[in-house]
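Coordinate analysis (summary)
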Amino acid sequence: MDLTTVHVRQLQVAEWAVFRQIRLRSLADAPYAFGSTLDEARRRGERDWRELLVRRAQFVAAAADTAVGTVGVTGDGGVLHLISMWVAPEARGTGVADLLLHAVLDHAPVRGGDRIRLEVVEGNIAAERLYFRHGFRRTGVRGTVGGGDFRPEFEMVLDL
């Protein structure tokens, strides 16, 4: 995949169906990487998807009008929370994740953030390497995914 053909943009509330489609694809592809499930996402209605886009900035990476990645950020001021990072299998290792992460970093001042935090499920080495490469570090805070999912995860942060 040629990164010059990949464009990252923030989804608007009216694009809830685009968000739904890529979120369902990400949950089907990598259920181990997320705290929510495919079944939960399938049960959401249009109103739910729209509300999610009101509360967060959700970015999508697309190549030739095909979504190949997504990431979200929540919070306003202070500590922002990076969530829902996913890159399609055909785009992994091409730099799409870096482009998505740069979109979040570029967006942070708009939300007044001076720190970004995230959680990584234990064993997701590719994700940890991505974040480490961009200056994130482990905080020592550990927990479980939550919502009845007891897989261990750890927190990483980046001071802006």
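For the structure, see preceding data.
What this report covers is the structure whose coordinates are included nearby. (Residues numbered from 1 in each chain as written. Predicted model: local features only at pLDDT ≥ 70, side-chain atom pairs only at ≥ 80, totals over all residues. Heavy atoms only, no water.)

**A few points about the pairing of strand β2 (residues 56–63)**
With seven of eight residues buried, β2 lies mostly within the body of the structure. Pairing between strand β1 (residues 6–10) and β2: five bridges, direction antiparallel. Residue pairing in the sheet places Gln10 in a bridge with Phe59 of β2. In terms of strand pairing, β2 meets strand β3 (residues 66–74) through eight bridges, oriented antiparallel. The residue bridging Ala63 from the neighbouring strand is Thr66, located in β3. (Buried < 20%, exposed > 50% of the residue type's maximum accessible area, 1.4 Å probe, protein only. Helix = DSSP H or I, 4+ residues; strand = E, 2+ residues; numbered from the N terminus. Pairing = 2+ DSSP bridges.)

**Brief notes about the environment of Glu122**
Within the element layout of this structure, Glu122 appears in the loop between β5 (113–121) and α5 (125–133). Between the C-alpha atom of Glu122 and that of Asp65, which follows or precedes it by 57 residues, the distance is 33 Å. Not counting chain neighbours up to four residues away, the residues in contact with Glu122 comprise Arg138, Arg142, Pro152, Glu153 and Phe154. Polar side-chain contacts of Glu122 include one of 2.7 Å to the side chain of Arg142. (Contact = heavy atoms within 4.5 Å. Polar contact = N/O pair within 3.5 Å; in protein donor to acceptor, adjacent residues only side chain to side chain.)

**Side note on the layout of surface pockets**
In this structure, the largest pocket occupies an estimated 990 Å³ of space. Along the walls of the largest pocket sit 38 residues, with Ala33, Met85, Asn124, Ala127 and Tyr131 positioned nearest its centre. Looking at the lining of the largest pocket, the elements with two or more residues in it are β4 (78–87), α4 (96–107), β5 and α5. Broken down by element, the residue count for the lining of the largest pocket peaks at seven residues, all from β4. (1 Å grid on protein atoms, 1.4 Å probe; cavity = no way out; pocket = protein on both sides within 12 Å on 5 of 7 lines; lining within 4 Å. Points joined across faces, edges and corners; volume = space filled by probe spheres on them.)

**A look at the side chain of Arg56**
Looking at the secondary structure, you find Arg56 in strand β2. Of the side chains with opposite charge, Glu40 comes closest to the buried, unpaired Arg56, at an N-O distance of 11 Å. Filtering out sequence-adjacent residues up to four positions away, Arg56 remains in contact with Phe19, Val73, Thr74, Ile83, Ser84 and Arg111. (Lys, Arg positive; Asp, Glu negative; His and termini not counted. Salt bridge = Lys/Arg side-chain N within 4 Å of Asp/Glu carboxyl O.)

**As for the packing of aromatic side chains**
Under the counting rule described, the total for this entry stands at two aromatic pairs. Between Phe19 and Trp49, the ring centres sit 5.2 Å apart and the planes meet at 90°, which makes this aromatic pair edge-to-face. Taken together, the residues Phe19 in helix α1 (residues 16–29) and Trp49 in helix α3 (residues 46–55) connect sequence positions 30 residues apart. Of the two residues, Phe19 and Trp49, both sit in the buried class. The interplanar angle of 65° and the centroid separation of 5.5 Å between the aromatic rings of Tyr131 and Phe136 together place this pair among those described as edge-to-face. Each member of the pair Tyr131 and Phe136 is classed as buried. Lying over the aromatic face of Phe34, Arg23 brings its terminal NZ or CZ to 4.6 Å of the ring centre. (Phe/Tyr/Trp six-rings, centres within 6.5 Å; stacked < 30°, edge-to-face > 60°. Lys NZ or Arg CZ within 6 Å of the ring centre and 35° of its normal.)

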